[in-house]
Amino acid sequence: MQDEIDTAAAKTLVDQAYEFGASFFGTTGGEALLRKDLFDVIGYARKVGMNTSIITDGRLLDDKAYEAIVKNEVKVSISIDGGEATNNAVRGNGAYAASVKAIERLSRDKLLNCLVYTLANVDESVTNVNEKDFVDVMDLAERFGARWVIFHGMIPYGNDEPNRKACPSAAQYEWAWNRLYDIRLQYKGKPEVNVYYPSFARVAKQRGIADWDNWFNHFFLGRCFFGKFMSIAENGDAIPCSYNDAYRFGNIKTQSLQRIWNGLQNSEFFAKVRDKANLKGKCGVCEYKDICGGCRTTALHFTGDILGSDPQCAYIPRALREK
């Protein structure tokens, strides 16, 4: 991209992240392998003393890139959104074969980390919110020794109609979270199921997941970290969530990572969003809001209010049922 940070700025970011206390330098996307200097930056991070990771769908994983991954011991997660027909419908023809080839190679060299599956409706007739596609990807992960399969909710990047149409309905999510809970028990941790969406915590609590505190605090990826977290976008802007670039609060080209972080912590706006007492609608009265609270980015793009209810949750709080 024209305004993306250059190699020198990326290496400065590595230095600041290391000084900040980060042990991992992760590159996501979009597609991480589109960045031409990716392995210059990753090599520098390894030299500094950080572990590194990337997420890719495998289509750009040529021999040169693969050699660099092996050389730098990069942990790689592969995006794959269902079985062959479904994944190709989501990502284009040939995507599934490329992903499986990458999974096989990475597994052989013990560099495969996770498989990443995003729930989505491709169109009115094609969706990957179904048991067959869930199980196809779980079986791939089991066969090749992936640590987890991470199921992402579809978090829209904007409020335009195509973005919103790709999102599963609240009823689809309710079915999916409960079915994934069952699948998690069937596979007995090999691989483990992790879910990147807040409302899965409510389902897990309702279903009586074992060792709740440890699971929620040390394993579950789906807690909403809006305003408690920052990621750096391709142009150097800090964003408060990997899926929310509507709010930007500093740029590493002009400010240090520490200064940007301090600004986030001292922001009245972000403090207001972090405080679940400020949530509105059914999220605001839900008895599970302390462990869920909905996705703030989804609420923003569907309702126009960052503090509004998450419309991708089907649950009706007790306070509203008892009226």
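Residues numbered from 1 in each chain as written. Predicted model: local features only at pLDDT ≥ 70, side-chain atom pairs only at ≥ 80, totals over all residues. Heavy atoms only, no water.

Caption draft 1: Quick peek at the sheet that holds strand S3 (residues 75-79). One open sheet holds the six strands; their spatial order is S1-S2-S3-S4-S5-S6, and the pairing between them is parallel. Of all the strands in the sheet, just strand S1 (24-27) and strand S6 (192-196) have a single pairing partner and so form its edges. For this sheet, the mean angle separating the axes of adjacent strands, direction not counted, is 20 degrees. Taken together, the five bridges between strand S5 (residues 148-152) and S6 define a ladder with parallel strand orientation. Bridging across to S6, valine 149 finds its partner in valine 193. The sheet strands contacting helix H5 (residues 95-108) are S3 and strand S4 (112-118), and the helix crosses S3 at an angle near 155 degrees. (Pairing = 2+ DSSP bridges. Helix = DSSP H or I, 4+ residues; strand = E, 2+ residues; numbered from the N terminus. Axes fitted to C-alpha atoms, helices over the stretch in contact; angles between N-to-C directions. Contact = heavy atoms within 4.5 Å.)

Caption draft 2: Broad picture of the packing of helix H1 (residues 7-20) against helix H2 (residues 38-48). Running from N to C, H1 and H2 cross one another at 30 degrees; their axes reach a closest spacing of 10 Å. Relative to H2, the element H1 lies roughly parallel. Our pair here, H1 against H2, has a crossing hand that is right-handed. Contact residues: Thr7, Ala10, Lys11, Val14, Asp15 and Tyr18 in H1; Asp40, Val41, Tyr44, Ala45 and Val48 in H2. Looking at the contact of H1 with H2, its residues break down into seven nonpolar, one polar and three charged. (Parallel < 35°, antiparallel > 145°, perpendicular 65-115°, else oblique. Left-handed = near helix turned anticlockwise from the far one by under 90°. Nonpolar A, V, L, I, M, F, W, Y, C, P; charged D, E, K, R; others polar.)

Caption draft 3: Spotlight on the nonpolar core. By size, the foremost hydrophobic cluster in this structure holds 94 residues, and its most contacted members are Leu115, Phe151 and Trp177. Setting aside chain neighbours within four positions, we find leucine 115 in contact with Ile78, Ile80, Ile103, Val137, Leu140, Ala141, Ala146, Trp148, Val149 and Ile150. (Core = buried A, V, L, I, M, F, W, Y, C linked by side-chain atoms within 4.5 Å. Buried < 20%, exposed > 50% of the residue type's maximum accessible area, 1.4 Å probe, protein only.)

Caption draft 4: Broad picture of the environment of arginine 223. Note on placement: arginine 223 falls in the loop between helix H10 (212-218) and strand S7 (231-232). When the C-alpha positions of arginine 223 and cysteine 292 are compared, they lie 6.7 Å apart, and in sequence the two are 69 residues distant. With near-sequence residues (within four places) excluded, arginine 223 lies in contact with Phe216 and Asn217. Among the polar contacts listed, one links the side chain of arginine 223 to the backbone oxygen of phenylalanine 216, at a separation of 3.5 Å. (Polar contact = N/O pair within 3.5 Å; in protein donor to acceptor, adjacent residues only side chain to side chain.)

Caption draft 5: Local environment of the pattern of salt bridges. The full count for this structure, using the stated rule, is 17 salt bridges. For aspartate 37, the salt bridge goes to arginine 35, with nearest N and O atoms at 2.5 Å. One exposure class covers both aspartate 37 and arginine 35, and it is buried. With a shortest N-O distance of 2.5 Å, arginine 207 and aspartate 182 are connected by a salt bridge. (Salt bridge = Lys/Arg side-chain N within 4 Å of Asp/Glu carboxyl O.)

Caption draft 6: Quick look at the pairing of S4. The buried fraction of S4 amounts to six of the seven residues, a majority that puts the element mostly inside the structure. Bridging between S4 and S5 involves five bridges; their strand directions are parallel. Residue cysteine 114 lies in a different strand from S5, and its bridge partner there is tryptophan 148. For the crossover from S4 across helix H6 (residues 131-144) to S5, the handedness is right-handed. (Right-handed = clockwise from strand over helix to strand, strands pointing away.)

Caption draft 7: Geometry of H2. Within H2, burial applies to Leu38, Val41, Ile42 and Ala45. Down the axis of H2, the smallest arc covering the buried residues is 100 degrees, so these residues share one side. Lining the buried residues of H2 we find H1, S1, strand S2 (51-56) and helix H3 (63-72). (Arc of directions from axis to C-beta.)

Caption draft 8: Broad picture of the packing of aromatic side chains. Within this structure, the stated rule accounts for 23 aromatic pairs. Between tyrosine 288 and tyrosine 315 the ring centres are 5.5 Å apart and the planes differ by 75 degrees, which places this aromatic pair in the edge-to-face class. Taken together, the residues tyrosine 288 in the loop between helix H13 (281-285) and helix H14 (296-303) and tyrosine 315 in the loop between H14 and helix H15 (318-321) connect sequence positions 27 residues apart. No difference in accessibility class separates tyrosine 288 from tyrosine 315, as the two residues are buried. Ring pairing ties together the aromatic residues Tyr173, Trp177, Tyr197, Phe200, Trp212, Trp215, Phe216 and Phe220, which thus form one cluster. In this structure, arginine 147 packs its charged tip against the face of tryptophan 148, placed 4.1 Å from the ring centre. Looking at arginine 223, its charged tip hangs above the ring of phenylalanine 216, at a distance of 5.3 Å from the centre. (Phe/Tyr/Trp six-rings, centres within 6.5 Å; stacked < 30°, edge-to-face > 60°. Lys NZ or Arg CZ within 6 Å of the ring centre and 35° of its normal.)

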